[in-house]
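Listed below, chain by chain, are the residues.
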Amino acid sequence: MTNESGNQEGTLEDHVDRLRRQWAWELPGLNTEPMTILGRAFRLGNMVRPSIEATFAGFGLDRGEFDVIATLRRSGPPYRLTPTEMYSLLMISSGGLTHRLDRLEKAGLIRREKSPQDGRSVQVALTEKGSALAEQAFRTDMTSELTFLQPLDAGERELLAGLLRKLILGIETGLRQNEEERGEPSPGRRGQGEV
């Protein structure tokens, strides 16, 4: 049997359950089911963000700087991309990327080089120091993030990952279709890059 928050009777309430219960009182009849997934996803991101940011800060990086060197590191040898490729992958403006590149170059983690194919264009290359730091920071982050998953067993994690993938693919498809219909970038394709 479920209560007004959609929660199984006898199970503990989380923050989202309490919010839904309050809204059910204030706006009876309103379907708050999206909060059960999207509200929890938003809260989850807010809860783990400080730990992730602290991990990168321990390596002298902010999240945006880590995103840049991680993007280069996972691109594979020769760990070099054009600025256009980078801001497309990171989904940020060229100005935002330039600011990050300036800081990373000063720290000796990347260097800007002339393209061997076209001397007029520039490529961003990961230095050995940057490559080592990206790998070390990512390994530490993954170990840290794994601790947040401990309430779920391996099967539950696999099921949740599959459901989230299905949801995200569906949303991405819808956003892409909206973008094509309007001839403009959709909100889901702007914002911060991914690890």
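About the cut-offs
Residues numbered from 1 in each chain as written. Predicted model: local features only at pLDDT ≥ 70, side-chain atom pairs only at ≥ 80, totals over all residues. Heavy atoms only, no water. pLDDT = per-residue confidence, 0-100. Helix = DSSP H or I, 4+ residues; strand = E, 2+ residues; numbered from the N terminus. Contact = heavy atoms within 4.5 Å. Pairing = 2+ DSSP bridges. Axes fitted to C-alpha atoms, helices over the stretch in contact; angles between N-to-C directions. Core = buried A, V, L, I, M, F, W, Y, C linked by side-chain atoms within 4.5 Å. Buried < 20%, exposed > 50% of the residue type's maximum accessible area, 1.4 Å probe, protein only. Expected span 1.5 Å × (residues − 1). Polar contact = N/O pair within 3.5 Å; in protein donor to acceptor, adjacent residues only side chain to side chain. Salt bridge = Lys/Arg side-chain N within 4 Å of Asp/Glu carboxyl O. Arc of directions from axis to C-beta. Parallel < 35°, antiparallel > 145°, perpendicular 65-115°, else oblique. Nonpolar A, V, L, I, M, F, W, Y, C, P; charged D, E, K, R; others polar.

Visitor: Any details on the confidence of the model for the protein chain? Residues and values, ideally.
Guide: Any segment with low pLDDT has predicted coordinates that should not be analysed in fine detail. Considering every residue of the protein chain, the mean pLDDT works out to 89; 88% of them sit at 70 or more. Here helix 4 (residues 83-90) is the element of the protein chain with the lowest mean pLDDT, 87, and helix 6 (residues 128-148) is the one with the highest, 97. Confidence drops under a pLDDT of 50 for residues 187-192, and excluding neighbours within four residues, the segment shows 16 contacts in the predicted structure.

Visitor: Report on the sheet that holds strand 2 (residues 110-114), specifying residues and quantitative values.
Guide: The three strands are arranged 1-3-2 in an open sheet whose pairing can be described as antiparallel. Of all strands in the sheet, those with a lone pairing partner are strand 1 (80-81) and strand 2, marking the two edges. By the bridge criterion, two bridges tie strand 1 to strand 3 (residues 122-126) in an arrangement that is antiparallel. The residue of strand 3 that forms the bridge with Leu81 is Val124. In the packing of helix 3 (residues 63-74) onto the sheet, the strands contacted are strand 1, strand 2 and strand 3, and the crossing angle to strand 3 comes to about 90°.

Visitor: Any chance you could break down the nonpolar core for me, citing the residues and the numbers?
Guide: Counting residues in hydrophobic clusters, the biggest one holds 23 residues, and the most contacted among them are Leu61, Val68, Ile69, Leu72, Met86 and Ile110. Among the elements of the structure, helix 2 (33-57), helix 3, helix 4, helix 5 (94-106), strand 3 and helix 6 are those that each provide at least two residues to this core. Broken down by element, the residue count for this core peaks at five residues, all from helix 3. Among all residues touching Ile69, those that are not within four sequence positions of it are Leu61, Leu104, Leu109, Ile110, Leu126, Gly130, Leu133 and Ala134.

Visitor: Kindly report on the pairing of strand 3, identifying the contributing residues and their values.
Guide: A large share of strand 3 lies buried, amounting to four of its five residues. Where strand 2 and strand 3 come together, five bridges link them in antiparallel fashion. By the bridge assignment for strand 3, Lys114 is matched with Val122.

Visitor: Please provide a residue-by-residue account of helix 7 (residues 154-182), values included.
Guide: Along its 29 residues, helix 7 runs 42 Å from first to last C-alpha, staying within 8% of the 42 Å computed at 1.5 Å per residue. Capping the start of helix 7, Asp153 holds a side-chain oxygen 3.0 Å from the backbone nitrogen of Gly155, two or three residues further along. After helix 7 finishes, the residue Gly183 shows a positive phi value of roughly 70°.

Visitor: Describe the environment of Leu164, listing the residues and the values that go with them.
Guide: Mapped onto the elements of the fold, Leu164 is located in helix 7. Using a relative accessible area of 38% as the deciding quantity, one classes Leu164 as partly exposed. Leu164 sits 123 residues away from Ala41 along the chain, and the two C-alpha atoms are 9.7 Å apart.

Visitor: Can you tell me about the pattern of salt bridges, naming the residues and giving the values?
Guide: All told, the structure shown has 12 salt bridges when counted by the stated rule. The shortest N-O distance in the salt bridge between Glu135 and Arg73 comes to 3.2 Å. Residue Glu135 is located in helix 6, and its partner Arg73 is located in helix 3; the two are separated by 62 residues in the primary sequence. What makes Glu135 partly exposed here is its relative accessible area of 31%. Close ionic contact of Glu135 with Arg139 constitutes a salt bridge, the shortest N to O distance being 3.0 Å.

Visitor: An account of helix 5 is requested, with residue identities and associated values reported.
Guide: Compared with an ideal rise of 1.5 Å per residue, which puts 13 residues at 18 Å, helix 5 spans 18 Å between its outermost C-alpha atoms and is within 8% of the ideal. When helix 5 is considered as a whole, its buried residues turn out to be Leu97, Arg100, Leu101 and Leu104. Here the buried residues of helix 5 occupy an arc of 105° about the axis, which is enough to place them on one side. Residues of helix 5 that are buried in the fold lie against helix 3, helix 4, strand 2 and strand 3.

Visitor: If you had to explain the packing of helix 3 against helix 5 to someone new, which residues and values would you point to?
Guide: Orientation of helix 3 relative to helix 5, taken along the N-to-C sense of each, is 80°, at an axis distance of 10 Å. The angle between helix 3 and helix 5 places the two elements in the roughly perpendicular class. Residues Gly64, Glu65, Asp67, Val68 and Ile69 of helix 3 pack against Leu97, Arg100, Leu101, Arg103 and Leu104 of helix 5. Residues belonging to the contact of helix 3 with helix 5 are distributed by class as follows: five nonpolar, one polar and four charged.

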